[in-house]
Amino acid sequence: QQLKPSKAGALTFETVAPNTRDAVTVPAGYETAVVIRWGDPVVAGAPAFDLHQQTAARQSRQFGFNNDFVGVLPLPGRHDRALLVVNHEYTNEELMFPGFTSLDALTVEQLEVAIAAHGLSVVEIERAGRSGRWTPVKSRHLHYNRRLTALASTFRLTGPAAGSAWLRTAADPRGTTVVGTLNNCSGGVTPWGTVLSGEENFNQYFVGADQSPEALKPKLTRYGITTTARYPSGSRKWDRAQERFDLGKHPNEAHRFGWIVEVDPFDPESAPRKHTALGRLKHEGANVIVARDGHVVAYMGDDERFEYLYKFVSDKKFLPGHSHLARKHNLTLLESGTLYVAKVTGDSPAGEIDGTGTLPADGRFDGKGQWIKLVSGSRSYVPGMTAADVLTFTRLAGDAVGATKMDRPEDVQPSLRTGKIYAAMTNNTNRGVGTNAPADEANPRNANKHGHIFEVTEDHGDHTGTTFTWTLPIVCGDPAAADTYFGGYDKSAVSPISCPDNVAFDSAGNLWISTDGNALGSNDGLFATPIEGKEKGHLKQFLTVPRGAETCGPFITGDDKSVFTAVQHPGEISGATVDKPASFWPDGGYAKPAVIVTWRPDGGPVGS
Ligand code: FEO
Ligand code: CA
Ligand code: CA
Ligand code: CA
């Protein structure tokens with residue numbers, strides 16, 4: 001993840017036009033191919049996919065559903081081998097089971113297939129020659145390949161809240177070991193070669209909270225768990241497969257999800273860990289940068305309307321190098337530290353922020369911010385809450401200190417080139433509606449349909465500090481509309497963009513943005529823009545995904561030869577089923593989520 005000599009540079013590719021094709025569209029001069037799709041064998045000896053013969057045992061060894069985060073970690077000393085690590089966020093049962101009629105009608109075996117299709121996959125991949133194309137290694141000995149599932153994989157809790165009363169259950173009276181991971185959305189690759197994965201909308205898997213202890217109900221409600229009915233509408237009713245999903249019987253089980261998970265893909269025997277020191281939210285993901293003094297800092301978003309931005313600063317310092325000792329030490333960095341939440345203010349008079357997105361008189365949506373300390377090690381800084389309370393109910397801690405309510409903070413990632421941090425605010429159609437918080441300078445549009453990018457510059461470039469400045473380099477939407485902004489660039493030359501979700505960088509520091517939920521009427525896609533210099537804000541669409549899909553990843557390899565993108569939930573359109581598909585991508589017949597790679601066959605850097 002360290003800086004490499006710049007190979008990418010000017011974004012000279014031919015812009016892809018918005019469209020509604022049932023296909024992946026890439027610029028002229030590029031090729032794109034599926035790397036791996038739902039059901040493909042992952043673990044050595046896994047059976048080939050058969051839609052009509054699917055079982056939980058088979059799914060547990062095959063690539064899961066709804067790929068979101070993508071990380072590519074080169075095998076040490078090899079330019080031609082890498083580990084692809086992918087999150088499987090959730091399942092579309094209607095797109096998975098022939099004859100689907102309702103969630104209620106699923107068999108227990110089918111529920112277990114869905115539970116096993118959640119989690120992560122680790123897949124060894126190899127490249128064809130020196131090209132940017134990568135494919136899964138085919139071998140009888142796949143040392144690294146691994147499936148982690150929500151069904152049966154064991155995760156270890158670390159940090160100050162591990163073992164606390166909140167995390168103890170009948171099955172785990174010590175509160176240190178969890179079965180499974182849920183709703184793994186985005187994530188990040190650490191400088192020590194592990195993957196972080198955010199457990200996001202875990203609330204949807206739990207039932208029976210109407211029978212949970214009264215004192216717990218407000219805490220469950222704050223995380224979106226319905227406490228007024230046994231089965232929330234659209235409930236997956238996983239309690240039919242595993243009783244632990246019934247909060248009437250096991251009220252603490254819900255607290256064992258909503259964490260940042262760290263997976264060491266290079267050690268297939270290692271237990272993945274849930275780090276309580278990074279707080280419990282609807283974690284979109286986490287991305288780490290090493291501060292000047294060696295502490296590591298993880299930036300994180302809580303993806304829901306009016307939620308907060310966070311950062312974690314480790315107690316210990318990063319040890320560079322690839323020695324066994326350094327790695328062993330670095331694997332402990334996220335187990336202890338200090339957790340902060342962001343409070344931001346604008347620098348323009350409040351009267352100039354009218355909720356329409358019109359720029360204030362100083363020409364910028366910008367201002368200052370503070371990182372407010374919530375907890376450090378086992379010491380809480382929030383009155384009335386213990387450290388375990390703050391870490392387990394971090395949203396309540398953010399409420400208590402008056403953190404700033406943002407427009408759905410999704411992926412948050414520092415640029416390793418400039419140290420500036422970029423956060424995707426995907427949208428917030430409730431902003432300023434009814435009694436909800438009105439627009440402010442950092443979230444400047446009421447009923448925000450298209451989202452914006454929030455850029456943070458830590459004061460003195462110190463990632464461990466507590467003050468920063470911020471600005472909005474991009475306010476998304478139709479560039480022809482008055483309420484959009486593209487870094488001051490000529491708006492007639494930029495692509496329309498809506499609902500930014502994931503961000504990534506190439507080695508030149510260009511910002512790549514993928515979208516989810518394009519409210520402009522065409523398919524989601526992947527975009528790239530310079531964020532410094534005279535081309536700043538010259539945003540161009542690089543690819544589009546098929547009907548009904550969101551665009552995830554993205555991940556640009558260190559040599560800039562490949563862009564990996566996750567095509568999540570193709571064909572997820574109301575009324576569509578596997579028998580009556582709305583998308584036939586990628587193989588025809590019915591749709592499958594898949595990870596794709598896009599490259600230049602002439603070997604040039606992506607983006608050029
Ligand atoms: Fe799973 Fe916030 O997207
Ligand atoms: Ca301003
Ligand atoms: Ca997302
Ligand atoms: Ca990212």
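These lines cover the structure that appears in this document, whether it is placed above or below. Here the structure is a predicted model, which means the values were calculated and not measured.

### Examining the overall build of the protein chain
For the protein chain, the count of helices and strands is six helices and 32 strands. By the compact-globule yardstick of 25 Å for 608 residues, the protein chain fits well, its C-alpha radius of gyration being 23 Å. Dimensions of the protein chain, computed from the C-alpha atoms along their principal axes, are close to 60 × 60 × 55 Å. Every one of the 608 residues in the protein chain was classed for burial, and the buried ones make up 57%. Across the protein chain, every contact between residues at least 6 apart in sequence was considered, and the portion connecting residues at least 24 apart equals 64%.

### Considerations on the sheet that holds strand β29 (residues 540–544)
Within the open sheet, the four strands sit side by side as β26-β27-β28-β29. Their pairing is antiparallel. This sheet does not close on itself; its edge strands, each paired only once, are β26 (500–505) and β29. Averaged over all pairs of adjacent strands, the angle between strand axes in this sheet comes to 25 degrees, irrespective of strand direction. Where β26 lies against strand β27 (residues 511–515), five bridges are found, and the strand directions are antiparallel. Across the sheet, residue F505 finds its bridge partner in β27, namely L511.

### Let's talk about the environment of T565
Within the fold, T565 resides in strand β31 (residues 562–568). For the pair T565 and L526, spaced 39 residues apart in sequence, the C-alpha separation works out to 8.4 Å. Not counting the four nearest positions on each side in its chain, T565 is found in contact with S514, L526, L543, T551, G553, P554, I596 and T598.

### What about the nonpolar core?
Among the nonpolar cores identified, the biggest contains 162 residues, and L84, A298, W512 and V595 are the most heavily contacted of them. The contact partners of V595, leaving out residues within four places of it in the chain, are V35, I36, N67, V70, L84, V86, F564 and A566.

### Observations regarding unusual backbone geometry
The linkage connecting G553 with the following residue, P554, adopts the cis geometry, with an omega of -25 degrees. Relative to the assigned elements, P554 resides in strand β30 (residues 550–556). The omega torsion across W585 and P586 is 0 degrees, close enough to zero to call that bond cis. Mapped onto the elements, P586 comes out in the loop between β31 and β32 (594–599). In this structure, R408 takes a positive phi of about 60 degrees despite not being glycine. Take R408: it is sitting in the loop between β20 (406–407) and β21 (409–414). One non-glycine residue with positive phi stands out, namely A447, at about 45 degrees. By the secondary structure assignment, A447 is in the loop between β22 (421–425) and β23 (452–458).

Thresholds applied
- Residues numbered from 1 in each chain as written.
- Chains lettered and ligands numbered in written order.
- Predicted model: local features only at pLDDT ≥ 70, side-chain atom pairs only at ≥ 80, totals over all residues.
- Helix = DSSP H or I, 4+ residues; strand = E, 2+ residues; numbered from the N terminus.
- Rg over C-alpha atoms; globule rule 2.2 N^0.38 Å.
- Buried ≥ 20, exposed ≤ 12 C-beta atoms within 10 Å, placed from the backbone.
- Contact = placed C-beta atoms within 7 Å.
- Pairing = 2+ DSSP bridges.
- Axes fitted to C-alpha atoms, helices over the stretch in contact; angles between N-to-C directions.
- Core = buried A, V, L, I, M, F, W, Y, C linked by C-beta atoms within 7 Å.

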